[in-house]
Amino acid sequence: MVTAAAVFGGDFIREIIPFSNIYLRAFISFVVVTLFLYIVIFLIDRIVKRFLRKTKTTLDDELFAAAERPIYILAFLLGLGIGVNILWINLGTLEIINKILITLMIFALFFPAYRITNLLINVWFSKYTNKIRITVDKTLLPVINRVIKILYFVIFAIFILK
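Cut-offs used in this document
- Residues numbered from 1 in each chain as written.
- Predicted model: local features only at pLDDT ≥ 70, side-chain atom pairs only at ≥ 80, totals over all residues.
- Heavy atoms only, no water.
- Phe/Tyr/Trp six-rings, centres within 6.5 Å; stacked < 30°, edge-to-face > 60°.
- Helix = DSSP H or I, 4+ residues; strand = E, 2+ residues; numbered from the N terminus.
- Buried < 20%, exposed > 50% of the residue type's maximum accessible area, 1.4 Å probe, protein only.
- Axes fitted to C-alpha atoms, helices over the stretch in contact; angles between N-to-C directions.
- Parallel < 35°, antiparallel > 145°, perpendicular 65-115°, else oblique.
- Left-handed = near helix turned anticlockwise from the far one by under 90°.
- Nonpolar A, V, L, I, M, F, W, Y, C, P; charged D, E, K, R; others polar.
- Patch = residues over 30% accessible without salt bridge, like charges linked within 9 Å, V, L, I, M, F, W, Y side chains within 5 Å.
- Areas by Shrake-Rupley, 256 points an atom, 1.4 Å probe, with all protein chains shown as cover.
- Salt bridge = Lys/Arg side-chain N within 4 Å of Asp/Glu carboxyl O.
- Lys, Arg positive; Asp, Glu negative; His and termini not counted.
- Charge placed at Lys NZ, Arg CZ, Asp CG, Glu CD.
- 1 Å grid on protein atoms, 1.4 Å probe; cavity = no way out; pocket = protein on both sides within 12 Å on 5 of 7 lines; lining within 4 Å.
- Points joined across faces, edges and corners; volume = space filled by probe spheres on them.
- Core = buried A, V, L, I, M, F, W, Y, C linked by side-chain atoms within 4.5 Å.

1. Digging into the packing of aromatic side chains
Part 1: A complete count under the given rule lists 7 aromatic pairs for this structure.
Part 2: Taking the centre distance of 6.4 Å and the plane angle of 25 degrees together, the rings of Phe107 and Phe111 count as stacked. You can see Phe107 and its partner Phe111 sitting in helix α5 (residues 91–132), 4 residues apart, about one turn around the helix.
Part 3: For Phe111, a relative accessible area of 42% translates into the label partly exposed.
Part 4: Each ring, one from Phe107 and one from Phe156, has its centre 5.5 Å from the other, and the planes form 65 degrees; the classification is edge-to-face. Of this pair, Phe107 sits in helix α5 while Phe156 sits in helix α6 (residues 140–161); the two residues are 49 residues apart in sequence, bridging distant segments of the chain.

Here you go:
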């Protein structure tokens, strides 16, 4: 099982940043980690978008757009988790805060996963029904999307309740 200390690394950061004021140390850690992650994500984003412009379809652009914002949210939450874990607060309170942050991170991963799956099913459905020349009722696609949404919600709930 992954612990919050392993994810956020509070002890390691406490040793690196030499300030005696823990609130200042926590804030600086949050800002530095978040900015570093934003810069790395921004650079990777620019490189990937350059490659995506060269493709013939727009599917890859839409898939990348579905995952772009959640990646920034994850970076923010990771920086926030590192900043919070540097504070010397009650272990019970810290554990609750860490569980909330990990829950938000899981949510930030499941939402784009649902969007990407939904997008792929829509593309697959329209492409292959036209290719095989099957006449399928147009109400089937929303039903499939709802079933997938329910499945993702159940999986999300299972991850959260673990």
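Anyway, onward from the coordinates.
2. Here we look at the packing of helix α3 (residues 22–53) against helix α4 (residues 59–86)
A pair of packed helices can be characterised by two numbers: the angle between their axes and the separation between those axes.
Part 1: Two elements in contact, α3 and α4, have axes whose closest approach is 7 Å; the angle formed by their N-to-C orientations is 165 degrees. Accordingly, the angle class assigned to the pair α3 and α4 is roughly antiparallel. Considering how the two elements wind past one another, α3 and α4 form a crossing that is right-handed.
Part 2: Tallied by class, residues from the contact of α3 with α4 come to 19 nonpolar, 4 polar and 6 charged.

3. A short note on a positive patch on the surface
Part 1: Taken together, the side chains of Arg46, Arg50, Arg53 and Lys54 present a region of like positive charge at the surface.
Part 2: Note on placement: Arg50 falls in helix α3.
Part 3: Arg50 sits in the partly exposed class, given a relative accessible area of 48%.

4. Quick word on the layout of surface pockets
Part 1: The volume enclosed by the second largest pocket comes to roughly 170 Å³.
Part 2: For the second largest pocket, the full set of lining residues is Phe107, Phe110, Phe111, Tyr114, Lys149, Tyr152, Phe153 and Phe156.
Part 3: Only α5 and α6 provide two or more residues apiece to the lining of the second largest pocket.
Part 4: When grouped by side-chain class, the residues that make up the lining of the second largest pocket number 7 nonpolar, no polar and 1 charged.

5. Thoughts on the nonpolar core
Part 1: In terms of nonpolar packing, the biggest core is built from 6 residues, these being Ile22, Ala26, Val33, Ile82, Ile86 and Leu87.
Part 2: Listed by contribution, the elements that provide at least two residues to this core are α3 and α4.
Part 3: The dominant element in this core, judged by the number of residues it contributes, is α3, at 3 residues.

6. A few points about the pattern of salt bridges
Part 1: Summed over all chains, the structure comprises 3 salt bridges.
Part 2: Linking Glu68 and Lys49 is a salt bridge whose minimum nitrogen-to-oxygen distance equals 3.2 Å. Taken together, the positions of Glu68 in helix α4 and Lys49 in helix α3 put the pair 19 residues apart, joining distant regions of the chain.
Part 3: Assessed through its relative accessible area of 32%, Lys49 is described here as partly exposed.
Part 4: In this structure, Lys99 and Glu95 form a salt bridge, with 3.3 Å as the shortest nitrogen-oxygen distance. With Lys99 and Glu95 both in helix α5 and 4 residues apart, the pair spans about one turn of that helix.

Function cannot be inferred from these measures alone, as they are strictly geometric.
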